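Next come the chains, spelled out residue by residue.
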Amino acid sequence: MTDGGDANLARAATLVDALVSAGARHACLSPGSRSTPIALALARHPAIELQVHLDERSSAFVALGIAKATGVPAIVACTSGTAAAEFLPAVVEASQARVPLLLLTADRPPRLRGTGANQTIDQTELYGRYVRRFIEGALDGTREDWGVAGATAITVALGDPPGPVHLNLPFDEPLVPETAPGPADRATAEARIAERIWEGSDAGGPPAIDAPDLIDLLRTDRALDADRGVVVVGGMPSPPTAILELADRLGWPVVAEPPSGVRLPGRALAAGQHLLASATWSDEHAPEIVLQVGATPTTRVTQRFVRGAERVVVVDRAHLDPDPERHASMRIDADPEAVAAALLDVVPEHPSIRAVAWRTTWEHADGLARDALDRTLDARDEPFEGRIARDVAATIPDDGTLFVGNSMPVRDLDAFMAPRAGLRVLANRGASGIDGLVSTALGIAAAGAPTVALLGDLSLLHDAGALLWNGSRDLDVVFVVPNNAGGGVFDFTGQADLPEHERLFVTPHGVDLATLARTARIAHARVERAKDLIRALEGAIAARGTRLLEVPVERAANVPRHAEVQAAVDAALA
């Protein structure tokens, strides 16, 4: 069997067929990308009654209730990362109460464990002694292997004593199938399963370089001796300002993500994401070298740009692994500020003439791109998520804090935020989940920092309990929520072409956020026009307390509006 989306779905379908053959009829699912094969297999099986729940914790307890009432193992499925961790409370209850539960957690390929790859944690034995057995599907296993895994899981779940069983299911990309699967192979419960549990592997790649060896290495290898370089700065615990001085000395432009703390006027590109996304521009200006500082880049646009460089030097010490796919030709395991300070002692005081020309070209194009971007955003008054991100970041007073949610908000902020000083941008990018974001913003505010949180509507609802519990506390935090009545991030991926897209990946909720705010005893305002957001946010910040600014947006217009902005940038660059 060849690998790919069809093979992923075929294995998942065989697994589900085995579970159904052994009696399973009910499944609960929370949306996600990595779980696409298992979501499709559950949704397309005629014998499965599928429920979709936003909150994985709630989803697992619903499945628990079904299993309690029927005595038949119920399925609960989710994507990788913290989504799987949300099952734990229900797993504990099922174990203690002897309730058969089948936990289907999608996972990244085992080679990415422990690397810092996005939305990846080690899910091996995640629930410890609270499950009756941990079974991992083999990434390259046959359909029969996966069918045997399903049959074994349901047998163990109904064993003595009954309880939860964890099926961890790794899927490699592509996740979306190209064709419909054939008939599932039937597997019997008597067959023996080979449980292939990953025990670690040598990930390879360049060795890490310690700071004491750095200067000698740079002198002998001339590692940064290039006229056409770009500095890419990801999330950082504190702003690496010496990196900016180094970039000036080298004559390299800086692409800085907002959580880096160095997207500053005159120091970092103002429309970097749109330059990198312009196919013609990025092809014609491919760098000889990329100096990647801090966390792994958030967007696929930046990731592709880094991969396209002739050489990649990664400098970071604060994150698990900023180079999970092993593209770096050199990895410097040291504090970026210390590295930059050391480099400033050995690089020339002024860049070469060719490097100056290189950076000037980038900065000129950046100015054209930024002007085109802003003109396009300001031409319409219907709220658009990109303009919301831009205006929120520009409106927060100096010394303020912006906490940005995952999925679309962090990507929109990266694409549309203009450089500015005096703003601290924080995000939960360790595992990049949408869980706990309201609580995190409240915690930041409780630490004494007046906070604005830019969150999607699903992220708000996922942690709505935190609003209900903390709404009456004296915390200065304004939640700005672009409300598209569902989720829009999968409109940009291959899942958008699936017939089940709306049901499985959008999750329309129909919740009235004004009613939620009243219940939580917090102030609520609805901003209907894009030009009114800045004034509304300024008023909410000045009024203090916990407040919710809801900005209704049209989800169907989101992808075309992003494309419209990029087209305007491309035209300006041409």
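Placed above this text is the structure.
Keep in mind that this is a model prediction, so the values were computed, not measured. (Residues numbered from 1 in each chain as written. Predicted model: local features only at pLDDT ≥ 70, side-chain atom pairs only at ≥ 80, totals over all residues. Heavy atoms only, no water.)

Draft legend 1. Geometry of the overall build of the chain. Across its full length, the chain holds 22 helices and 18 strands. For the C-alpha atoms alone, the extent of the chain along its principal axes is close to 75 × 60 × 40 Å. Each of the 574 residues in the chain was classed as buried or not, and the buried ones make up 56%. Residue pairs in contact within the chain that sit at least 24 positions apart in sequence constitute 76% of those at least 6 positions apart. Accessible surface for the chain amounts to roughly 23,100 Å². Of this, 51% is attributable to carbon and sulfur atoms. (Helix = DSSP H or I, 4+ residues; strand = E, 2+ residues; numbered from the N terminus. Buried < 20%, exposed > 50% of the residue type's maximum accessible area, 1.4 Å probe, protein only. Contact = heavy atoms within 4.5 Å. Areas by Shrake-Rupley, 256 points an atom, 1.4 Å probe, with all protein chains shown as cover.)

Draft legend 2. Structural context of the side chain of Ser95. Considering the arrangement of structural elements, one finds Ser95 in helix α5 (residues 88-97). Residue class for Ser95 comes out buried when judged on its relative accessible area of 5%. Not counting the four nearest positions on each side in its chain, Ser95 is found in contact with Arg129, Tyr130, Arg132 and Pro164.

Draft legend 3. Structural detail: the packing of aromatic side chains. In this structure the tally under the stated criterion is 6 aromatic pairs. A centroid spacing of 5.4 Å and a plane angle of 85° characterise the contact between Trp281 and Trp362, whose relative ring orientation is edge-to-face. Taken as a pair, Trp281 in helix α10 (residues 279-284) and Trp362 in helix α13 (residues 353-378) lie far apart in primary sequence, 81 residues in all. Residues Trp281 and Trp362 agree in their burial class; the two are buried. Judged by centre distance (5.5 Å) and plane angle (65°), the ring pair of Phe490 and Phe505 falls under edge-to-face. With Phe490 in the loop between β16 (477-483) and α19 (501-506) and Phe505 in helix α19, this residue pair connects regions lying 15 residues apart in the sequence. Taken together through their ring pairs, the aromatic side chains of Trp281, Phe305, Trp358 and Trp362 make up a single cluster. Positioned above the aromatic ring of Trp358 is the side chain of Arg228, whose terminal nitrogen or guanidinium carbon lies 5.8 Å from the ring centre. (Phe/Tyr/Trp six-rings, centres within 6.5 Å; stacked < 30°, edge-to-face > 60°. Lys NZ or Arg CZ within 6 Å of the ring centre and 35° of its normal.)

Draft legend 4. Representation of α5. Taken together, the buried positions of α5 are Ala90, Val91, Ala94 and Ser95. Taken down its axis, α5 places every buried residue within 135° of arc, on the same side. (Arc of directions from axis to C-beta.)

Draft legend 5. Spatial organisation of the nonpolar core. By size, the foremost hydrophobic cluster in this structure holds 38 residues, and its most contacted members are Ile38, Leu42, Ile75, Leu102 and Leu104. Only α1 (5-21), β1 (26-29), α2 (36-44), β3 (74-78), β4 (101-107), α6 (143-157), β6 (164-170) and α19 provide two or more residues apiece to this core. Those residues in contact with Leu104, other than ones at most four positions away along the chain, are Leu15, Leu19, Ile38, Ile75, Val76, Ala77, Cys78, Phe87, Leu167 and Leu169. (Core = buried A, V, L, I, M, F, W, Y, C linked by side-chain atoms within 4.5 Å.)

Draft legend 6. Up close: the environment of Val156. Within the secondary structure, Val156 sits in helix α6. With 24 residues separating them along the chain, Val156 and Arg132 place their C-alpha atoms 7.0 Å apart. Contact partners of Val156, with chain neighbours within four places excluded, come to Arg132, Arg133 and Val165.

Draft legend 7. Looking closely at the side chain of Gln495. Here Gln495 shows up in the loop between β16 and α19. A relative accessible area of 2% means that Gln495 is categorised as buried. Within the structure, Gln495 has its side chain in polar contact with the side chain of Thr36 (distance 2.9 Å). Those residues in contact with Gln495 that sit more than four places away from it in its chain are Ser33, Thr36, Val176, Phe490, His501 and Phe505. (Polar contact = N/O pair within 3.5 Å; in protein donor to acceptor, adjacent residues only side chain to side chain.)

Draft legend 8. Up close: the sheet that holds β3. With respect to topology, 6 strands assemble into an open sheet ordered β2-β1-β3-β4-β6-β5, the strand pairing being parallel. Only two strands of the sheet have a single partner each, and these edge strands are β2 (49-52) and β5 (133-136). The mean angle between the axes of side-by-side strands here comes to 20°, regardless of whether they run parallel or antiparallel. Bridge count for β1 against β3 is 3 bridges, and the pairing is parallel. When the sheet's bridge partners are listed, Cys28 is paired in β3 with Val76. Its contacts with the sheet put α2 on β1, β2, β3, β4 and β6, and the angle it makes with β3 is roughly 145°. Contacts between helix α3 (residues 56-70) and the sheet are confined to β1, β2, β3 and β4, with β3 contributing the most and set at about 170° to the helix. (Pairing = 2+ DSSP bridges. Axes fitted to C-alpha atoms, helices over the stretch in contact; angles between N-to-C directions.)

Draft legend 9. Spotlight on the pairing of strand β8 (residues 229-233). Counting buried positions over the 5 residues of β8 gives 5, a clear majority of the element. Taking every second residue as pointing to the same face, both faces of β8 are buried, with Gly229, Val231 and Val233 on one and Val230 and Val232 on the other. Sheet analysis places β8 next to strand β10 (residues 289-293), joined by 5 bridges and oriented parallel. From the neighbouring strand, Val231 faces β10, where its bridge partner is Leu291. The pairing of β8 with strand β9 (residues 254-256) spans 3 bridges and is classified as parallel. The partner of Val231 across the bridge, within β9, is Val254.

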